[in-house]
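Close look at the chain arrangement
Residue-level listing of the chains:
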Amino acid sequence: MVKTAKPAKPESSGLAIGLNKGFIVTRREMAPKPSHMKGRNSKRNMLVKEVIREVVGYAPYERRMLELIKIGSASTFKRSLKLAKRRLGTHKRGKKKRDEMSEAVSA
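Residues numbered from 1 in each chain as written. Predicted model: local features only at pLDDT ≥ 70, side-chain atom pairs only at ≥ 80, totals over all residues. Heavy atoms only, no water.

Counting secondary structure elements, the protein chain contains four helices and zero strands. Its C-alpha atoms give the protein chain a radius of gyration of 22 Å, clearly above 13 Å, the size a compact globule of 107 residues would have. Each principal axis of the C-alpha distribution contributes one length, and for the protein chain these read about 65 × 35 × 20 Å. Residues counted as buried form 14% of the 107 residues belonging to the protein chain. Excluding contacts between residues fewer than 6 apart, the proportion of contacts in the protein chain whose partners are at least 24 apart in sequence is 34%. Summed over its atoms, the accessible surface of the protein chain is roughly 9,800 Å², and 58% of this surface lies on carbon and sulfur atoms. (Helix = DSSP H or I, 4+ residues; strand = E, 2+ residues; numbered from the N terminus. Rg over C-alpha atoms; globule rule 2.2 N^0.38 Å. Buried < 20%, exposed > 50% of the residue type's maximum accessible area, 1.4 Å probe, protein only. Contact = heavy atoms within 4.5 Å. Areas by Shrake-Rupley, 256 points an atom, 1.4 Å probe, with all protein chains shown as cover.)

Taken together, the side chains of Arg64, Lys78, Arg79, Lys82, Lys85, Arg86 and Arg87 make up a positively charged region of the molecular surface. With six residues, helix α3 (residues 74–88) is the largest single contributor of residues to the positive patch. One can find lysine 85 in helix α3. (Patch = residues over 30% accessible without salt bridge, like charges linked within 9 Å, V, L, I, M, F, W, Y side chains within 5 Å. Salt bridge = Lys/Arg side-chain N within 4 Å of Asp/Glu carboxyl O. Lys, Arg positive; Asp, Glu negative; His and termini not counted. Charge placed at Lys NZ, Arg CZ, Asp CG, Glu CD.)

What follows deals with the pattern of salt bridges. A side chain of one charge can pair with a side chain of the opposite charge when the charged atoms of the two come close. On inspection of all chains with the given rule, the structure shows five salt bridges. Linking glutamate 100 and arginine 53 is a salt bridge whose minimum nitrogen-to-oxygen distance equals 3.0 Å. With glutamate 100 in helix α4 (residues 91–106) and arginine 53 in helix α1 (residues 43–56), this residue pair connects regions lying 47 residues apart in the sequence. Its salt-bridge partner being lysine 70, residue glutamate 67 comes within 3.9 Å of it at the nearest N-O pair. A residue pair is termed a helical-turn pair when its members lie 3 or 4 positions apart in one helix, as glutamate 67 and lysine 70 do in helix α2 (residues 60–71) at three residues. By sharing partners, the salt bridges in this structure join Arg53, Glu62, Lys97 and Glu100 into a single network.

In this section: the nonpolar core. Judged by nonpolar contacts, Tyr61, Met65, Leu66, Leu68, Ile69, Leu83, Ala84 and Met101 together constitute the single largest core of eight residues. When residues of this core are traced back to their parent elements, those giving at least two are α2 and α3. Top contributing element to this core by residue count: α2, with five residues. In this view, methionine 101 contacts Arg53, Tyr58, Glu62, Met65, Leu66 and Ile69; residues no more than four positions away in its chain are not counted. (Core = buried A, V, L, I, M, F, W, Y, C linked by side-chain atoms within 4.5 Å.)

Bringing the confidence of the model for the protein chain into the picture now. Averaged over every residue, the pLDDT of the protein chain is 91; residues scoring 70 or more account for 95%. Within the protein chain, α3 carries the highest mean pLDDT (96), whereas α1 carries the lowest (94). (pLDDT = per-residue confidence, 0-100.)

Between its first and last C-alpha, α1 extends 20 Å over 14 residues, near the 20 Å set by a 1.5 Å rise per residue. Two residues or fewer past α1, glycine 57 is found with a positive phi of approximately 90 degrees. (Expected span 1.5 Å × (residues − 1).)

Written as structure tokens, this is what we have:
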């Protein structure tokens, strides 16, 4: 998950109405929050995940996805996404898992 900075608010107009209403103040540059670091991969984290994947292997639904991707047709590629979506809950997570599984097939 990649978090991006919010776009800067436009300067206040000094008026009490309108889109940019409000008192005119000078903006301060805030330090980045530690919570924005969550989810970033470190070298150690990546190594641990890789070792676990080697030792434990794939879940049954992941093995099924691998089989569908190995077939190679467009319909089975789509079917693997549908399977991942059903198991993981969201379209975005499903796409990420499908990409991960296709990397495993190609490797």
